[in-house]
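# Summary of the model geometry
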Amino acid sequence: MMIGGMVKKLIIVTGEKESVYAELLSSLITLKDDDVENNTVVGIKDGSVEAVVWNEDIYNDNKAQLGSNTKLIFIGKNKSSEAVIPSIRFDKDMTKYGVYVGSIGNKAVLYIESNTLFSNKDLYDDFYEKYIDLTKCFDDSVADTESIKKATHTDGIGEAFGKGTKAVKGLFGKIKGAPVEKAKNEGTDFFKISTKIEASKLISDQMLRYAVLSFYLDGLAGFMEIK
């Protein structure tokens, strides 16, 4: 319970694939991370917000009962957030990396367009430096070794998924009339493709973490109207 002020309520609505990041934001909100000795607030005042995480089904079942003053954060681009996205002006410094963070009124949206960094190694390198600088504001419980390692990035990661399908087909002979030799002749290296796919997962994870961590530090207090 917050002393000397009212605790504000927040609902975090998550898509199926983004639930980890919704829980991350919810956990950050519960941290007792303010620097009391120096009277410095980190993110939001400790204890000032009480958050719950809803999946889309729970949100759809209850949205008719929600008042216009209800604070909602949508994480992920999905049916629930798509109605809000066109009305938001997103931070341009983030959108160039495919990271979308913004709000309008009592609704905020955080989502990513992962292909932005999959297809551009130089842009990923620039993003990665900013991501590492951001993670230094948190301890290992928030940004562990696995989440901050650099992806083995090569241009055209997005193409790996299509090539990977062809390579897998090649391992088992003819599928839909495609012979083994065809996959080989296309120059597909199954192990390189596997590395690219693993890199794409890591990059997507870092982009979503960047969205959540930056919003917690720089956007959440203003969105929740906490002074």
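To keep things clear, this report deals only with the structure shown in the data block.

Scoring rules and cut-offs
Residues numbered from 1 in each chain as written. Predicted model: local features only at pLDDT ≥ 70, side-chain atom pairs only at ≥ 80, totals over all residues. Heavy atoms only, no water. Salt bridge = Lys/Arg side-chain N within 4 Å of Asp/Glu carboxyl O. Helix = DSSP H or I, 4+ residues; strand = E, 2+ residues; numbered from the N terminus. Buried < 20%, exposed > 50% of the residue type's maximum accessible area, 1.4 Å probe, protein only. Expected span 1.5 Å × (residues − 1). Polar contact = N/O pair within 3.5 Å; in protein donor to acceptor, adjacent residues only side chain to side chain. Core = buried A, V, L, I, M, F, W, Y, C linked by side-chain atoms within 4.5 Å. Contact = heavy atoms within 4.5 Å. Pairing = 2+ DSSP bridges. Axes fitted to C-alpha atoms, helices over the stretch in contact; angles between N-to-C directions.

### What to know about the pattern of salt bridges
- For the structure shown, the criterion picks out seven salt bridges.
- One salt bridge in this structure joins Lys 121 and Asp 125, with 3.2 Å as the shortest N-O distance. Pair noted here: Lys 121 and Asp 125 are both in helix H6 (residues 121-135), with a separation of four residues, about one helical turn.
- Residue classification places Asp 125 among the buried residues on the basis of a relative accessible area of 19%.
- Put simply, Lys 121, Asp 125 and Lys 150 are held in one network by salt bridges that share partners.

### Quick look at unusual backbone geometry
- Positive phi outside glycine occurs at Glu 225, with the angle close to 60 degrees.
- Inspection of the secondary structure puts Glu 225 in the segment after helix H11 (220-223).

### Remarks on H6
- Helix length check: H6 (15 residues) gives 21 Å between terminal C-alpha atoms against 21 Å at 1.5 Å per residue, within 8%.
- Where H6 is concerned, the buried positions are Leu 123, Tyr 124, Asp 125, Phe 127, Tyr 128, Tyr 131, Ile 132, Leu 134 and Thr 135.
- Its side-chain oxygen at 3.2 Å from the backbone nitrogen of Asp 122, Asn 120 defines the N-terminal cap of H6.

### Focus: the nonpolar core
- Core analysis: the largest hydrophobic core is formed by 47 residues, its most contacted members being Leu 10, Ile 73, Val 99, Phe 127 and Leu 220.
- With eleven residues, helix H10 (residues 190-218) is the single largest residue contributor to this core.
- Leaving out residues up to four positions away in the same chain, Leu 220 has contacts with Leu 10, Ile 29, Ile 44, Ile 73 and Phe 215.
- Judged by nonpolar contacts, the second largest core, of 13 residues, contains Ile 11, Val 13, Leu 72 and Val 109.

### Some remarks on the sheet that holds strand E1 (residues 8-14)
- Spatially, the five strands line up as an open sheet ordered E2-E1-E3-E5-E4, and their pairing is mixed. Only two strands of the sheet have a single partner each, and these edge strands are strand E2 (49-55) and strand E4 (99-104). Strand-to-strand twist across the sheet, computed as the mean angle between neighbouring axes with direction ignored, equals 15 degrees.
- Bridge count between strand E3 (residues 72-75) and strand E5 (residues 107-112): four bridges; the pairing is parallel. Its bridge partner being in E5, Leu 72 is matched across the sheet by Lys 107.
- Along the sheet face, helix H1 (residues 19-30) touches E1, E2 and E3 and points at about 165 degrees away from the line of E1.

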